[in-house]
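What follows is the residue order along each chain.
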Amino acid sequence: MALFSQLSKNRFFAPIAVIVLALGISSLLVSFQPEIDKIIPTKILPTIETKKIKLTPIRQSVMAYGIVKPHKQIALASEIAGRVIWVSEKLISGGKFDQFDPLIRIENTDYKLQLDKASAENTRAQVDLGIYENDYQRQQGLFKKNLISNSQLDDAFKMYKRAEATLRITQANLEQASLNFQRTEITAPFSGRVQQESIDEGGYLTVGAPIATLYADDIVEVRLPISNDDLGFLNWPQQMRGTLSPEESIAVSINSTYGGIDYQWQGQLERIESEVDPKTRLFHAVAVVKNPEFGGQPPLTVGLFVTAEIAGRSYDQAVLIPRSAVIDNRVLIVTKDNRLIYRDIEIIRVNNDSILVGRGLNNDELICVTPPSIIFQGMEVNPSPQQTLDSVK
């Protein structure tokens, strides 16, 4: 019984001893554990690229493309019929000629005979007129003396007037024969070049038969398509259509490439056509370049494809900013304590990679040009070294 009682006590105190021992060991482990350093997490701010605003006068331009065409072009034709006996060596495709240069000669034998005949008939008519004029004057004297009748005086007057009319007819025939004789040699009406020719020596020409297509090379023009939006950026009265005066004309730079080298010609925008192209819905402006062969650079050749930069309106206080900086007609201003705030702006024009801003920005302000993916008002950021936005003229 005493043994049983002793065993019961041991069973009761054994778990308690184990728990006490575990607690003691745990206390020792906690007491002797190494001290852990406290780490304060670093604040990571999004890095952005910024630009400093610099408001300056900016002149916008309008880009357009077109093909060079002659300012003056004609289809040369014959005014008489005949066989071609001579063709100028200048009358070939691309040939250059000066004003009044002979280009073609037509056999003139028949026209020389017609001229001689008309001249002879005119001389005879002059003599006849003198005879009938003297006879009429003599008849007037006799009539006053009552030596002839009134009918005889009338007959003399009719013969005089008929001779006078015959002289006018022969003078017209002489003039026509002279013109036809002169037209046997066809000359250039202006200085220029031959676009194409359609006659050779020995060929026969009829009246109105085409000989060649000629164009003047002292002035060329480029027809430039312009959108309705771009038209608003030109210094052109909106209600104005037609030709501008020299004082109102707009400067145009014509650019093209010859043999891999870029060249530039200066011209003037002289007129805008009154109609809109029904297919493209575009206006067409015409730029004129004078003396396109002047200087050491190649000539501005007809048929050449060119790029035109048309001088546009000027804005006194404006700036060009990257398109990436604009979000729903607003920009993000970087404050002095590196926080982002939204600012409404006035957008004047949207270009391919930039936007022209008028009102809404001030000098030396910083704008964010690489907005982070998540943005909220007052957001703190880490701006990169700033760059100044220079104007583009």
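Let me sum up the structure you'll find in this document. The model shown is predicted, which means the values in this text are computed figures rather than measured ones. (Residues numbered from 1 in each chain as written. Predicted model: local features only at pLDDT ≥ 70, side-chain atom pairs only at ≥ 80, totals over all residues. Heavy atoms only, no water.)

Regarding helix 2 (residues 109–144)
Definition in use: Secondary structure elements are taken from DSSP: a helix is a run of H or I of four residues or more, a strand is a run of E of two residues or more, and numbering for both begins at the N terminus. Expected span, for any helix, means 1.5 Å times one less than how many residues it has. Here's how the labels work: a residue is buried when its accessible area is under 20% of the maximum for its type, exposed when over 50%, partly exposed in between, all with a 1.4 Å probe on protein chains only. Only heavy atoms matter for contacts: two residues are in contact if any of them lie within 4.5 Å across the pair.
Its 36 residues give helix 2 an end-to-end C-alpha distance of 53 Å, which sits within 8% of 52 Å, the value for a rise of 1.5 Å per residue. Every buried residue belonging to helix 2 is among Tyr111, Leu115, Ala118, Asn122, Ala125, Leu129, Tyr136 and Gln139, and all of these are buried. Buried positions along helix 2 lie against helix 3 (150–182). Following helix 2 by one or two positions, asparagine 146 has its phi on the positive side, about 60°.

A word on the nonpolar core
Test applied: Grouping buried Ala, Val, Leu, Ile, Met, Phe, Trp, Tyr and Cys residues that are joined through side-chain atoms within 4.5 Å yields what is termed a nonpolar core.
Grouped together as the largest cluster of nonpolar side chains are 32 residues, with contacts concentrated most on Leu234, Ile254, Leu269, Leu300 and Ile310. For this core, the secondary structure elements donating two or more residues are strand 3 (56–70), strand 12 (219–226), strand 14 (250–258), strand 15 (261–272), strand 16 (283–290) and strand 17 (305–322). The greatest single-element share of this core, amounting to six residues, is contributed by strand 17. If you look at the next biggest cluster of nonpolar residues, it comprises 20 residues, including Leu76, Val84, Phe97 and Ile186.

Examining the packing of aromatic side chains
Worth spelling out the cut-off: We call Phe, Tyr and Trp rings a pair once their centres come within 6.5 Å, taking the six-membered ring for Trp, and we label the pair stacked below 30 degrees between planes, edge-to-face above 60, and tilted otherwise.
Following the criterion strictly, the structure yields seven aromatic pairs and no others. With a centroid separation of 6.2 Å and an interplanar angle of 0°, the aromatic rings of tyrosine 65 and phenylalanine 305 are classed as stacked. Highlighted residues: tyrosine 65 in strand 3 and phenylalanine 305 in strand 17, separated in sequence by 240 residues.

Some thoughts on the side chain of serine 354
Along the chain, serine 354 turns up in strand 22 (residues 354–357). The residues contacting serine 354, other than those within four sequence positions of it, are Leu320, Ile321, Pro322, Arg323 and Arg349.

Re the sheet that holds strand 7 (residues 102–106)
So the rule is basically this: Note on pairing: DSSP must find at least two bridges between two strands before they are called paired.
The strand order across the open sheet built from four strands is 8-7-5-10, with neighbouring strands paired in antiparallel fashion. In this open sheet, the two strands that pair with only one neighbour each are strand 8 (185–187) and strand 10 (204–205).

Looking at the pattern of salt bridges
Test applied: Definition used for salt bridges: Asp or Glu carboxyl oxygen within 4 Å of a side-chain nitrogen of Lys or Arg.
Evaluated as defined, the whole model comprises 18 salt bridges. A salt bridge links arginine 168 to glutamate 164; the shortest N-O distance between them is 4.0 Å. One end of the pair is arginine 168 and the other is glutamate 164, both in helix 3 and four residues apart, which spans about a single turn. In this structure, arginine 349 engages aspartate 230 in a salt bridge whose closest nitrogen and oxygen atoms are separated by 3.3 Å. One end of the pair, arginine 349, is in strand 21 (residues 347–350); the other, aspartate 230, is in helix 4 (residues 228–231), with 119 residues separating them in the sequence. Through salt bridges with shared partners, a single ionic network connects Lys96, Arg193 and Asp217.

Some thoughts on the side chain of serine 88
Defined as follows: N or O atoms closer than or at 3.5 Å make up a polar contact, with two conditions inside protein: a donor-capable atom paired with an acceptor-capable one, and, for residues adjacent in sequence, both atoms drawn from side chains.
With respect to the element layout, serine 88 can be found in the loop between strand 5 (82–87) and strand 6 (96–97). In this structure the side chain of serine 88 is engaged in a polar contact, spanning 3.1 Å, whose partner is the backbone nitrogen of lysine 90. Aside from chain neighbours lying at most four places away, what touches serine 88 is Pro102 and Leu103.

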